[in-house]
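Residues per chain, in single letters:
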Number of protein chains: 2
Amino acid sequence: MRKKYTIKDIAELAGVSKGTVDRVIHKRGKVSEKAFVDVTRILEEIDYKPNLIARNLKNNKVYSICVLIPDYHLDDYWLSCKEGIQSVKQEFSAFDIEINTLLYHSKDVNSFLQKSNEVLNLKPDAVLMVPSFQKESETIINLLASQDIVVSIFNNNIPNNKIFNFVGQDLIKSGRIAAKLFDLILGNGKVAILYIGANFKNATYFHEKDQGFKEYIQQTETALSSVTKTFSSENLEIELIDFLNQHPDIKGIFVTNSKTYMVAELIKKHKLKDLKLIGYDLLEENITYLKNNTIQFLIHQNAKHQIHLGLTNLIEHFMFGKKTPKRNLLPINIINSENLSSYTQKETIYE
Amino acid sequence: MRKKYTIKDIAELAGVSKGTVDRVIHKRGKVSEKAFVDVTRILEEIDYKPNLIARNLKNNKVYSICVLIPDYHLDDYWLSCKEGIQSVKQEFSAFDIEINTLLYHSKDVNSFLQKSNEVLNLKPDAVLMVPSFQKESETIINLLASQDIVVSIFNNNIPNNKIFNFVGQDLIKSGRIAAKLFDLILGNGKVAILYIGANFKNATYFHEKDQGFKEYIQQTETALSSVTKTFSSENLEIELIDFLNQHPDIKGIFVTNSKTYMVAELIKKHKLKDLKLIGYDLLEENITYLKNNTIQFLIHQNAKHQIHLGLTNLIEHFMFGKKTPKRNLLPINIINSENLSSYTQKETIYE
DNA sequence: CTAAAAAATGTGTTCGAGCACTTTTAAAAA
DNA sequence: TTTTTAAAAGTGCTCGAACACATTTTTTAG
């Protein structure tokens, strides 16, 4: 049985007091060179790991974390974040953690700035945010960092070396995966890559997925081809039907965000039977169309998992001094009607 | 800021001493009815959660866990378990956890029984095992339970109410998923459901996956059909080629275990170009054939994740008294050449 | 009504790390 | 050599829960 060494053990081994060991460990100085060398040698020899439980017992501070994300009342995609936060709260309910959630309007820069300011006023120990607006996010992140507030981001990445941790998916790969799936189920033919929503220039994810899709076509021997198009959600029906009429060779549609159900609805309505559809995220509406085979595959971005990991990374950093990677790239889950339930079922079959 | 109540706080609120509060919390008796009611009311009112850190500091016992699994030197499928154990050890290196791994020969009952006895002699606090042999496993589980050793299992389930926790996948669903994938990429035609190895009667997973596949065919309007066949690994080449010659209408092969690469090898060798292949697990050899498109999909059983979750469930139960579900059914991951890397990459890009 | 027994309640120590504080030792100045 | 000062080392308290043990209160028996 491997013995667990304590500071006291080390002190005895080195023939000094635990105070000296403590000073060596924390490099507080006021230690003779001999003592420093002796203690350091022993620390290395036994591979000393401090008892994090005892350490944390002493530092019994309430850690506060702010979560800054798009309002999930306005876009169902963010709804799963609510669950994610809830499950983290539950998981760490026995610890002194305080999580405040602030919601901004994902299309409104001013709302984002306003909520960011609220975060600043709350002076939390850490912030986990979705940096929807690149430029403004950078400003906020720098401001937070200057106040020694740890900042993590998730969902989409922005380059900034002050960011503690990023959780998300590789979106170029994500696009490639969609292409591969079309390749497998179509074999050949044209696929329309769609963006649905307002202001596609802000939606960096769209460009990356589009790029990934095309990359696959170029780099493999596939007989697939693609055409990229953006639509507003308001006029989708007229514009899309018109577009499809102009491109009768389109055999598949790749919707680059969670609005996939809007296209599925039209496929059903206009009886476009031979159109294969692949999109994103397990929204209720998407799931319905997945189950009735209007959608062939959904790619699961798992916002719940993302926010969960982002939060646990922060908490375990504060509570246990655990090392955290700069980036967590999550697996890209392929979902069809059959493995869907294995992702959505609750894990809580206690007895 | 939500205040964290301690036993001392509760004692003051109830007008008793912390000893009395302690007796109420742990139902140690020797408390007057009045005190019991008062303290219980306050505990409920403030939703008292004990500080697990402090609790664990006191109970500074080294918890020992035995892992009893098939020898990963003999079957690559179990290799990822080694990594899983390693990562748990790393994750909890600052805590007093001792994990002993015992490997048995997965085809040899006597080896299983022998190693089980070794586990009994080690008198651990808990055991996490793969119950390869149903009857013998039951005996061992009962024996362990009678000595107050907590037993969890993973990979395959066996019915026994003494089991603390099971981690695995729903194998019937797993078979359905394979059927769905063939449905999407083939549209119609016959699929051969294969078992490769010795003694398929012991391999309950095979029957469940087979059942799931057939269930899908029956319950949906698919034009797929299936034929089930078992092979020994030794004579696979002769027998399989012979079998395929007898069934020229077979357009897909579903290998129900990680031996998928053996079929892929034959497909390559005999240039059976139009045969679609779906199998299990991310072994090196399978990955090679997935990347060169001989295998269309792999279903990821994620033994590493399974053993990881099984172990953390046990540890967090012991260390933090965390509630654990009776069953953890893990998501069934669909892997193709494109999303593969998102599952296999290491999460350790520290900076 | 008192003594003994039983029940109820209170007190104080432990766990390991961290840090403030005190004491000891060594070096420098008088 | 003695005094002063700084450096080095040691001591002891804290965190919250758990539990052994001590003390007080209540009940029961004589």
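The structure displayed is predicted, hence computed values, not measured ones.

Peer 1: Is there a simple way to explain the relation of the copies chain B and chain A in this structure?
Peer 2: Once chain B has been moved 0.1 Å along the axis and rotated by 180°, it coincides with chain A to within an RMSD of 0.2 Å. Accordingly, the operation relating the two chain copies is best matched by a two-fold axis. Looking at chain B, 100% of its interface residues are interface residues in chain A too, so the copies touch through the same face.

Peer 1: Is there a simple way to explain the interface of chain B and chain A in this structure?
Peer 2: Facing the 56 residues of chain B at the interface are 56 residues of chain A. In total, about 5300 Å² of surface goes out of reach between chain B and chain A, with carbon and sulfur atoms giving 59% of it. Two residues, A:E338 and B:R176, come together in a salt bridge whose shortest N-O distance is 2.6 Å. Joining chain B to chain A, the criterion identifies 14 residue pairs in polar contact (both at pLDDT 80 or more).

Peer 1: Help me understand the side chain of A:S337, please; the structure alone is not making it clear to me.
Peer 2: Structurally, the position occupied by A:S337 is in the loop between strand 12 (333-335) and helix 14 (340-344). Residue A:S337 is classed as buried on the basis of its relative accessible area of 16%. For A:S337, the side chain forms a polar contact with the side chain of B:K180, separated by 3.1 Å.

Peer 1: How do you make sense of the domain arrangement of chain A when you look at a structure like this?
Peer 2: Size of an interface, as often reported, equals the accessible area lost when the parts are brought together. All names here are of chain A. Domain annotation for chain A reports domain 1 (7-50), domain 2 (63-167 + 304-329) and domain 3 (171-300). Summarising the inter-unit geometry, the C-alpha centres of domain 2 and domain 3 are found 30 Å apart. If you look at the interface, domain 2 gives five residues, while domain 3 gives seven residues. Overall, the association of domain 2 and domain 3 removes approximately 540 Å² of surface from exposure, summing both partners, and the carbon and sulfur fraction of that is 46%. Per-residue buried area on domain 2 facing domain 3 is highest for D76, Y77 and K107; these three make up 53% of the total on that side. Its salt-bridge partner being K259, residue D75 comes within 3.8 Å of it at the nearest N-O pair. One can count zero residue pairs in polar contact (both at pLDDT 80 or more) joining domain 2 with domain 3. Classifying every residue of the side of domain 2 that touches domain 3 by side-chain character gives two nonpolar, no polar and three charged.

Peer 1: It is not clear to me how the pattern of salt bridges should be interpreted in this structure. Could you clarify?
Peer 2: Once their charged atoms are close, side chains differing in charge can pair, the charge on each being opposite to the other. Residues and elements named next belong to chain A. Scanning all chains against the criterion turns up 26 salt bridges over all chains. Across the pair E118 and K115 runs a salt bridge whose closest N-O atoms are separated by 3.7 Å. Residue E118 and its partner K115 are located together in helix 6 (residues 109-122), separated by three residues, close to a single helical turn. Bridged by salt links that share partners, the residues K34, D38, R41 and E45 form one connected network.

Peer 1: What is the right way to read the sheet that holds strand 2 (residues 97-104) of chain A from this model?
Peer 2: As a general point, the strands of a sheet are linked pairwise by backbone hydrogen bonds and lie either parallel or antiparallel. All names here are of chain A. If you trace the six strands from one edge of the open sheet to the other, you get 2-1-3-4-5-11, paired in parallel fashion. Two strands in the sheet have a free side with no partner beyond their single neighbour: strand 2 and strand 11 (327-329). Each strand of the sheet is rotated relative to its neighbour by a mean of 15°, with strand direction disregarded. One ladder, built from four bridges, connects strand 4 (residues 150-155) with strand 5 (residues 165-168); its direction is parallel. Of the residues in strand 5, the one forming a bridge with N155 is G168. Where helix 6 meets the sheet, it contacts strand 1 (63-70), strand 2 and strand 3 (126-129), and its direction lies at approximately 160° from that of strand 2. Sheet strands touched by helix 13 (residues 303-320): strand 1, strand 2, strand 3, strand 4, strand 5 and strand 11. Its angle to strand 1, the strand with the most contacts, is close to 160°.

Peer 1: I tried to follow the protein's contact with DNA strand C on my own but got confused; where do I start?
Peer 2: Around DNA strand C sit 26 residues in total, of which A:K18, A:R28, A:Y48, A:R55 and B:S17 are the nearest. In DNA strand C, atoms within 4 Å of the protein come 62% from sugar and phosphate. A:I7 places a polar main-chain atom, nitrogen or oxygen, 2.6 Å from a phosphate oxygen of DNA strand C. Counting only elements with at least two residues in the surface near DNA strand C, the list comes to helix 2 (18-25) and helix 4 (52-58) of chain A together with helix 2 (18-25) and helix 4 (52-58) of chain B. Taken together, the residues of the surface near DNA strand C sort by class into nine nonpolar, eight polar and nine charged.

Peer 1: Could you clarify how one ought to interpret the protein's contact with DNA strand D in this entry?
Peer 2: Surveying the vicinity of DNA strand D reveals 26 residues, the closest of which are A:S17, A:S32, B:H26, B:Y48 and B:R55. A:K18 is positioned such that a nitrogen or oxygen atom in its side chain is 2.9 Å from a base oxygen of DNA strand D. Take A:T20: an N or O atom from its side chain is 3.3 Å from a phosphate oxygen of DNA strand D. Elements with a contribution of two residues or more to the surface near DNA strand D: helix 2 and helix 4 of chain A together with helix 2 and helix 4 of chain B. Within the surface near DNA strand D, the residues separate by chemical class into nine nonpolar, eight polar and nine charged.

What counts, and at which threshold
Residues numbered from 1 in each chain as written. Chains lettered and ligands numbered in written order. Predicted model: local features only at pLDDT ≥ 70, side-chain atom pairs only at ≥ 80, totals over all residues. Heavy atoms only, no water. Least-squares fit on C-alpha atoms with pLDDT ≥ 70 in both. Contact = heavy atoms within 4.5 Å. Buried area = accessible area lost by both parts, 1.4 Å probe. Salt bridge = Lys/Arg side-chain N within 4 Å of Asp/Glu carboxyl O. Polar contact = N/O pair within 3.5 Å; in protein donor to acceptor, adjacent residues only side chain to side chain. Helix = DSSP H or I, 4+ residues; strand = E, 2+ residues; numbered from the N terminus. Buried < 20%, exposed > 50% of the residue type's maximum accessible area, 1.4 Å probe, protein only. Domains from an automatic or database assignment. Nonpolar A, V, L, I, M, F, W, Y, C, P; charged D, E, K, R; others polar. Pairing = 2+ DSSP bridges. Axes fitted to C-alpha atoms, helices over the stretch in contact; angles between N-to-C directions. Near = heavy atom within 4 Å.

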